[in-house]
Amino acid sequence: MFISFEGTEGVGKTTLIRKIHQYFEQQGKQVQLTREPGGTPLAEQIRSLLLAVNHEEQMSHDTELLLIYAARAQHLQQVIVPALEAGKIVLSDRFTDASFAYQCAGRGLSQKKLQLLNQTFVSHMPNITFWLDAPIELGMTRARERGALDRFEQEKLSFFTKVRTGYESLWQAEPERIKRLDATQNAELVFEDALNYVKQLA
Ligand SMILES: Nc1ncnc2c1ncn2[C@@H]1O[C@H](COP(=O)(O)OP(=O)(O)OP(=O)(O)O)[C@@H](O)[C@H]1O
Ligand SMILES: [Mg+2]
């Protein structure tokens, strides 16, 4: 089973993934917890490039997309596919939907570029994807309490509004796979909602 967790900054993805991880471990299941961009030493180096704030040179949107897919290719090959083949449950903090939401809906890159990359390099898709949805301001307030903002977190409200709309259109297009969770609820209730979907799947 492959589960991904999506949503804008600070909505509670990492918090939920920890709870789901704990739940599966208590069930005696083998879990591979991972995240994107990143998940392998090399992919984490690419993540650092993506998140770093560089005032001297602006990263082009195409470069950003390709770096994300370079990291994803590495992550799939080194972590996700071997874990699935070993019968583990893979929990990934973000996956391909984030590329659609951030790079296409947010940055304005064409869906054609993304489709090409997905068709060519993404061999496995999640069985279920949790979209944690909350107003941008709420997540930003939660994220800000954690400290310095990275290159994405420094984007304007209008950018994240587009990203959220991007997630919404994915959810509408693929309601079977993508489950929307009301992330304005407290973390325990968000977890309960997610668990109901997980139990339906198992
Ligand atoms: N449902 C919730 N209600 C209130 N606070 C929450 C909730 N979920 C998470 N938090 C808190 O909000 C902050 C951000 O949560 P978390 O790190 O899980 O979000 P995230 O989506 O992983 O953020 P990022 O996109 O930056 O990785 C944390 O301090 C966390 O404890
Ligand atoms: Mg997180």
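Here is what the cut-offs are and how they apply
- Residues numbered from 1 in each chain as written.
- Chains lettered and ligands numbered in written order.
- Predicted model: local features only at pLDDT ≥ 70, side-chain atom pairs only at ≥ 80, totals over all residues.
- Heavy atoms only, no water.
- Near = heavy atom within 4 Å.
- Polar contact = N/O pair within 3.5 Å; in protein donor to acceptor, adjacent residues only side chain to side chain.
- Areas by Shrake-Rupley, 256 points an atom, 1.4 Å probe, with all protein chains shown as cover.
- Helix = DSSP H or I, 4+ residues; strand = E, 2+ residues; numbered from the N terminus.
- UniProt positions renumbered as here; feature names shortened; annotations may be inferred.
- 1 Å grid on protein atoms, 1.4 Å probe; cavity = no way out; pocket = protein on both sides within 12 Å on 5 of 7 lines; lining within 4 Å.
- Buried < 20%, exposed > 50% of the residue type's maximum accessible area, 1.4 Å probe, protein only.
- Contact = heavy atoms within 4.5 Å.
- Points joined across faces, edges and corners; volume = space filled by probe spheres on them.
- Nonpolar A, V, L, I, M, F, W, Y, C, P; charged D, E, K, R; others polar.
- Phe/Tyr/Trp six-rings, centres within 6.5 Å; stacked < 30°, edge-to-face > 60°.
- Lys NZ or Arg CZ within 6 Å of the ring centre and 35° of its normal.
- Expected span 1.5 Å × (residues − 1).
- Bend = angle between axes of the 7 residues up to and from the residue.

1. Some remarks on the site of ligand 1
At step 1: By nearness alone, 14 residues border ligand 1, and Lys13, Thr14, Thr15, Arg146 and Gln185 come closest of all.
At step 2: Between ligand 1 and Lys13, the relevant distance is 2.7 Å, taken from an oxygen atom to a side-chain nitrogen or oxygen of the residue.
At step 3: In the complex, the protein chains occlude 72% of the 630 Å² of accessible area that ligand 1 would expose alone.
At step 4: Take the shell around ligand 1: its biggest share by element is three residues, from helix H1 (residues 13-26).

2. So, the UniProt feature "binding site: ATP" (unreviewed entry) in the chain
At step 1: Taken from the UniProt record, the annotation "binding site: ATP" (unreviewed entry) applies to Gly7, Thr8, Glu9, Gly10, Val11, Gly12, Lys13 and Thr14. Cross-referencing the annotated residues with the largest pocket identifies Glu9, Gly10, Val11, Gly12, Lys13 and Thr14 as lining it.
At step 2: On the accessibility criterion, Val11 (2% relative accessible area) is buried.
At step 3: If we ignore the near neighbours within four places in the chain, the residues touching Val11 are Leu132, Ala134, Gly139, Arg142 and Ala183.

3. Some thoughts on the UniProt feature "domain: Thymidylate kinase-like" (unreviewed entry) in the chain
At step 1: Residues annotated by UniProt as "domain: Thymidylate kinase-like" (unreviewed entry) correspond here to residues 5-193.
At step 2: Counting secondary structure, residues 5-193 comes out at 56% helix and 12% strand; the distance between its end C-alpha atoms is 13 Å.

4. A few points about the layout of surface pockets
At step 1: One number sums up the size of the largest pocket: a volume of about 890 Å³.
At step 2: Surrounding the largest pocket, 40 residues form its lining, Lys13, Thr14, Asp93, Arg94 and Arg146 being those nearest its centre.
At step 3: In terms of residue count, H1 provides more of the lining of the largest pocket than any other element does, six residues in total.
At step 4: Classifying every residue of the lining of the largest pocket gives 18 nonpolar, nine polar and 13 charged.
At step 5: The computed volume of the second largest pocket comes to approximately 430 Å³.
At step 6: Together, 16 residues line the second largest pocket, and Asn54, Glu57, Gln58, Met59 and Arg151 are the ones closest to its centre.
At step 7: Looking at the lining of the second largest pocket, the element that brings in the most residues is helix H3 (residues 61-85), giving three residues.
At step 8: Taken together, the residues of the lining of the second largest pocket break down into four nonpolar, seven polar and five charged.

5. Section: the side chain of Glu6
At step 1: You can see Glu6 is positioned in strand S1 (residues 2-6).
At step 2: If we skip the residues at most four places from it in the chain, Glu6 touches Lys13, Arg94, Phe95, Thr96, Asp97, Ala98, Thr129, Phe130, Trp131, Leu132 and Tyr167.

6. Remarks on the packing of aromatic side chains
By convention here, two paired aromatic rings are described through the distance between centres and the angle between planes.
At step 1: One pass over the full model with this rule turns up 10 aromatic pairs.
At step 2: Seen in terms of ring centroids, Tyr102 and Phe152 are 5.9 Å apart; in terms of plane orientation they differ by 85 degrees. Their pairing is edge-to-face. In this pair, Tyr102 sits in helix H4 (residues 96-106) while Phe152 sits in the loop between helix H6 (136-144) and helix H7 (157-173), placing the two residues 50 residues apart along the sequence. Accessibility classification places Tyr102 together with Phe152 in one group, the buried group.
At step 3: These aromatic residues form a ring-pair network of at least three members: Tyr102, Trp131, Phe152, Phe159, Phe160, Tyr167 and Trp171.
At step 4: Taking NZ or CZ as reference, Arg72 lies 5.3 Å from the ring centre of Phe95, over its face.
At step 5: Just above the ring of Trp131 sits the side chain of Arg180; from NZ or CZ to the centre is 5.9 Å.

7. Some points on H3
At step 1: For H3, spanning 25 residues, the distance from its first C-alpha to its last is 34 Å, which sits close to the expected 36 Å at 1.5 Å a residue.
At step 2: The largest bend in H3 amounts to roughly 50 degrees and is located at Leu76.

8. Notes on the environment of Thr34
At step 1: Assignment of secondary structure puts Thr34 in strand S2 (residues 31-35).
At step 2: On the basis of relative accessible area, Thr34 is assigned to the buried category, the value being 8%.
At step 3: If we skip the residues at most four places from it in the chain, Thr34 touches Ile17, Gly39, His75, Val79, Val90, Leu91, Ser92 and Asp93.
At step 4: Of the polar contacts made by the side chain of Thr34, one reaches the side chain of His75; its length is 2.7 Å.

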